[in-house]
Every structure is written in C-alpha cells, then in structure tokens.
Amino acid sequence: MNIFKRIYCRTYQFIFKLALPFMPYRKPYILSSCEDIPDVLKKHKIESVLIVTDKGIVNAGLLDNLVKPLEEKHIRYVVYDKTVPNPTISNIEEARTYYLENSLQGIIALGGGSALDLAKITGARVVKPKQKVEKMKGVLKIMKRLPLLIAIPTTSGTGSEVTIAAVITDDKTHHKYPINDFCLIPRYAVLDYRNTLKLPPHITSTTGMDALTHAVEAYISRTRTRETKMMSLKAIKLIKENLKECYVNPSNAEARKNMLFASHYAGISFTKAYVGYVHALAHTLGGKYNIPHGLANAIILPIMLEEYDKSIYRKAYKMAVFAGIANKEDSKKDATKKFISWIYQMNKDMNIPLSIKDIKEEDLEELSIYADKEGNPLYPVPKLMDKEKLKQMFIKVKNKE
C-alpha cells in the first residue's frame, strides 16, 4: 500500500478509535425464552408483528415455539419465510411489503444471521421509505429509530442480535456489503439454547467458526478496548471448549448454551472493535459465488493470520495462552503457530475444507476491488493490504493445500 493511502487509513481508524467512547452503543435486553415475548410486546403496545425467518426454521418446527405464545396472548402475526443464506435487496423489499400491507407494528427475527440481517434492513426500509438499500451501505446512513425489533438467534455464530451491522447482497450486481448503524441493534434478544439443538453438524461447525473469526479479528483490531479484549478472550475459550462437542454431540445442552454465549460475546466485541480482511474477503466471495459466510470465514481465517505474521505475535500469544492452546513458556512466535495450527485442526475435524476452489481467475480483479473498498480505510487491521495484495490473498485461499 502506498504511503499516502496508508496514512489515510490509519488516520481514519485513529479518529474512529477516539470517537468510540462517545458513540451510542447499547446492548439489547436479554430474554430467556420466546414465552417472554408477548409481555414485551404488550408493554410497548404492539399488537401485530412481522416474523422474519426461513423455510428451514419452519420445517424444523422452531416457528411453533414462537407463534404459540403469540396466539395465546392474541397478538397478530404475519410470517415471511423466504430468507435466503445471503439475504438480498429483493428479500428486503418483499418483506417490507408484507409489513406495510398488513399494517404491522413490530418485527421479530427468528433464525441465523441471514434472517436477523434481513429483519434489520427491512425495519430500516420501513422507516426510511425514500432511501434505497444501496444508499444505506457504509456507516451511519440510516440514523432513524426502527420499529421494535426482537432477535431470536438459532445459530451460535453471527452475534447479529447485538451488533450494529447487517450484510446484504445486491442480487443484480452480486455485490455483498455491510450496513452499519446503531439503530440496527435489536431492542431485545432471546438467548435460548433450545433454539440451536436442531442445527445440522455443518451449520454448527461453520457458524461456530464464524463466531471465532469475530472474536479473533476483534482481538487483533487496532481499535479494541478493555471490554472488547475480555469479550473476545471469553468467546475464544468457550469456542475451544465447546464447539467440537456441539458438532459431535448436538444434544449436549451445556455445550450449546456455552456456544450461544460465545457468539454473543464475540458479537459485543466486534461491533465495537470491528472485523478485518477475513470479512472483506468472505463478504466478497459470498456476494459473487453465494458461499456461506461462516464457511468462507473458517477457511480464510488461518490463511490471513499466517499472512499477518509478526504483526499479531503478541496478541496471538495472549489468545492462545488464555484459551489453553499454548503455554506461558512458549515464545510469541511459537504460540502464534500453535494458535493457527489449532484453527486448521478444528476445520479438519469438522470437515471444513482448506480452500475455496470456486474462485475464478477471471474474477480476481473484481474480487480484489470490492474487498479493498470494504476493508480500506474502515477495518483497523494489524497489517494494511492494498488491492494487489488482497488479490494475492484470494489466490492463496483458492490454492491452499
């Protein structure tokens, strides 16, 4: 990266860090069960809601746990179950039509990160009817209170129930981009591990590695705080101790509960400290090839950490020692190697591939442009990379053996 762009990026990030204590971050109120939701709605004088979910959730019977208490308290609801893995602008506009045509008053998101992100931007479009989704991308482009939003995560990965972010795919251009605004943080979140018990193993693994990516990128961020450091470390330790157990023994209630909170802690961490180039690459690949976000993050994370090399030795040492992956006596270099090797081993044990062969040579220029636009100057990464370097990273992700 040339010196002028480097100065611009680091200055932008430094100013952002100075502003962090004054920004209106908040955490959602935590509910322990869907049965608590009707009382919350009554408290806010809401008598009708849009439920945003997907057909997999419906087929798994998880919707029943939500609609039964709503029906018992005579709260009207309309279900939008057409969410796709990388939610699109078309999804948003369709869900918004459901909301408006049925004169609804609030939104409940039930599902993984896709459903939660879709619900967030649907709410944004309800309150900003003249602002297209494309004009919301970036930071602080909405700045208006959404309808009451309740998030019910059914995966232990995205942490979207506590973040300022939503990631949307333009289904015309196949460009995937984040939208960041404080108003997108849900007002309430239901953290009930029972909603995660029916996750298939491949979803358990990739969403769990997604949470790990959030925690790691937040910890090595240059804008991290004392709170985000501790949240990241707690998340990494919980993932190390519980993710493979959830993968092997899906009905282990204690492990599922721990993973749900690991995801939550990682969400708290990265919504303040931000993520990095792992996400810039993963979002780009998700938009272009519809690769699931957690899968892309899992594959890219160790490759990117290897590339960061010496710039993360000190921080990787602390993550590795805290999680019990390395010993205090290890050198910082050795601890970093152990930490990266552990990530590779986790992927191998859960049948996550080493590389992404879908990447096409003729797409590399386009992919690197989009990743550069997302990552710079926003992401406070330990080592800056320009478009050409990011192109090389896509090649490494494609060819990793």
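See above for the structure.
Below is a summary of the structure that appears in this document. Predicted model, so just to flag it, every value in this text is computed and none were measured.

### Side note on the environment of Lys 198
On the secondary structure map, Lys 198 appears in the loop between strand S9 (188-190) and helix H7 (201-219). As a C-alpha pair, Lys 198 and Thr 154 span 44 residues in sequence and 8.9 Å in three-dimensional space. For Lys 198, the side chain forms a polar contact with the main-chain oxygen of Ala 60, separated by 2.9 Å.

### Digging into the packing of helix H5 (residues 89-101) against helix H6 (residues 113-127)
Helix packing for two helices is described by the angle between their axes and how far apart those axes are. The contact between H5 and H6 brings their axes to 9 Å, and the two run at 60°. Compared by their axis directions, H5 and H6 come out oblique. Relative to H6, the crossing made by H5 is right-handed. Where H5 abuts H6, its residues Asn 91, Ile 92, Glu 93, Ala 95, Arg 96 and Tyr 99 lie against Leu 118, Ile 121, Thr 122, Arg 125 and Val 126. For the contact of H5 with H6, the per-class residue count stands at six nonpolar, two polar and three charged.

### Side note on the sheet that holds strand S7 (residues 165-170)
Here we have three strands laid out as an open sheet, ordered S5-S8-S7, and mixed in their pairing. Pairing within the sheet leaves two strands with one partner each, and these edge strands are strand S5 (138-139) and S7. Inspection of the sheet shows S5 paired to strand S8 (residues 175-180) by two bridges, in the parallel sense. By the bridge assignment, Gly 138 is partnered in S8 with Ile 179. Its contacts with the sheet place H6 against S7 and S8, and it is angled at close to 90° to S7.

### Describing the packing of aromatic side chains
For the coordinates displayed, the defined rule picks out eight aromatic pairs. Both rings, one in Tyr 80 and one in Tyr 98, keep their centres 5.2 Å apart while their planes meet at 90°; by these two values the pair is edge-to-face. Separated by 18 residues along the polypeptide, Tyr 80 in strand S3 (residues 76-80) and Tyr 98 in helix H5 bring together distant segments of the chain. By relative accessible area, which is 0% here, Tyr 80 ends up buried. Between Phe 339 and Trp 342, the aromatic rings sit 5.7 Å apart at their centres with planes inclined by 40°, giving tilted as the arrangement.

### Notes on the pattern of salt bridges
The full count for this structure, using the stated rule, is 21 salt bridges. Salt-bridge contacts for Lys 389 lead to Glu 307; the nearest nitrogen and oxygen are separated by 2.6 Å. On the criterion of sequence distance, the pair formed by Lys 389 in helix H15 (residues 387-399) and Glu 307 in helix H11 (residues 293-308) is long-range, its members being 82 residues apart. Take Lys 389: its relative accessible area is 22%, and that puts it in the partly exposed class. For Glu 307, a relative accessible area of 13% gives the class buried. Here Glu 388 ties to Lys 387 by a salt bridge, and the two come within 3.0 Å at their closest N and O atoms. Linked through salt bridges whose partners overlap, the residues forming this network are Glu 365, Lys 387, Glu 388 and Lys 391.

### Some words on the sheet that holds strand S6 (residues 148-153)
Sheet architecture is open: six strands sit in the order S1-S9-S6-S4-S2-S3, paired in parallel fashion. Two strands bound the open sheet, and with one partner strand each, they are strand S1 (29-31) and S3. The sheet shows a mean angle of 20° between the axes of neighbouring strands, taken without regard to direction. Across two bridges, the pairing between S6 and S9 is parallel. Residue pairing for S9: Ile 150 is matched across the bridge by Tyr 188. H6 contacts strand S2 (48-52), S3, strand S4 (106-111) and S6 of the sheet and is inclined by roughly 165° relative to S4.

### Quick notes on helix H4 (residues 62-72)
Regarding H4, the residues found buried are Leu 62, Leu 63, Leu 66, Val 67, Pro 69 and Leu 70. Here the buried residues of H4 occupy an arc of 160° about the axis, which is enough to place them on one side. Set apart from the buried face of H4 by more than 90 degrees, the exposed residues are Asp 64, Lys 68 and Glu 72. Those residues of H4 that are buried are in contact with helix H2 (37-43), S2, helix H3 (55-59), S3, S4 and S6. Positive phi appears at His 74, one or two residues downstream of H4, with a value of about 60°.

### What to know about the pairing of S7
Most of S7 sits out of view: six of its six residues are buried. Side chains of S7 alternate between two faces, with Ala 165, Val 167 and Thr 169 and Ala 166, Ile 168 and Asp 170 buried alike. Pairing of S7 with S8, which is carried by six bridges, proceeds in the antiparallel orientation. Each residue of the ladder has a partner; that of Asp 170, found in S8, is His 175. The antiparallel hairpin formed by S7 and S8 contains four residues in its connecting segment, where His 174 sits at a positive phi of about 60°.

### Concerning helix H8 (residues 226-248)
Between its first and last C-alpha, H8 extends 34 Å over 23 residues, near the 33 Å set by a 1.5 Å rise per residue. Where H8 bends most, at Ile 239, the angle is about 40°. Buried within H8 we find Thr 228, Met 231, Ser 232, Leu 233, Ala 235, Ile 236, Leu 238, Ile 239, Asn 242, Leu 243, Cys 246 and Tyr 247. Elements that come into contact with the buried residues of H8 comprise H7, helix H9 (253-273), helix H12 (313-323) and helix H13 (332-349).

Parameters and conventions
- Residues numbered from 1 in each chain as written.
- Predicted model: local features only at pLDDT ≥ 70, side-chain atom pairs only at ≥ 80, totals over all residues.
- Heavy atoms only, no water.
- Helix = DSSP H or I, 4+ residues; strand = E, 2+ residues; numbered from the N terminus.
- Polar contact = N/O pair within 3.5 Å; in protein donor to acceptor, adjacent residues only side chain to side chain.
- Axes fitted to C-alpha atoms, helices over the stretch in contact; angles between N-to-C directions.
- Parallel < 35°, antiparallel > 145°, perpendicular 65-115°, else oblique.
- Left-handed = near helix turned anticlockwise from the far one by under 90°.
- Contact = heavy atoms within 4.5 Å.
- Nonpolar A, V, L, I, M, F, W, Y, C, P; charged D, E, K, R; others polar.
- Pairing = 2+ DSSP bridges.
- Phe/Tyr/Trp six-rings, centres within 6.5 Å; stacked < 30°, edge-to-face > 60°.
- Buried < 20%, exposed > 50% of the residue type's maximum accessible area, 1.4 Å probe, protein only.
- Salt bridge = Lys/Arg side-chain N within 4 Å of Asp/Glu carboxyl O.
- Arc of directions from axis to C-beta.
- Expected span 1.5 Å × (residues − 1).
- Bend = angle between axes of the 7 residues up to and from the residue.

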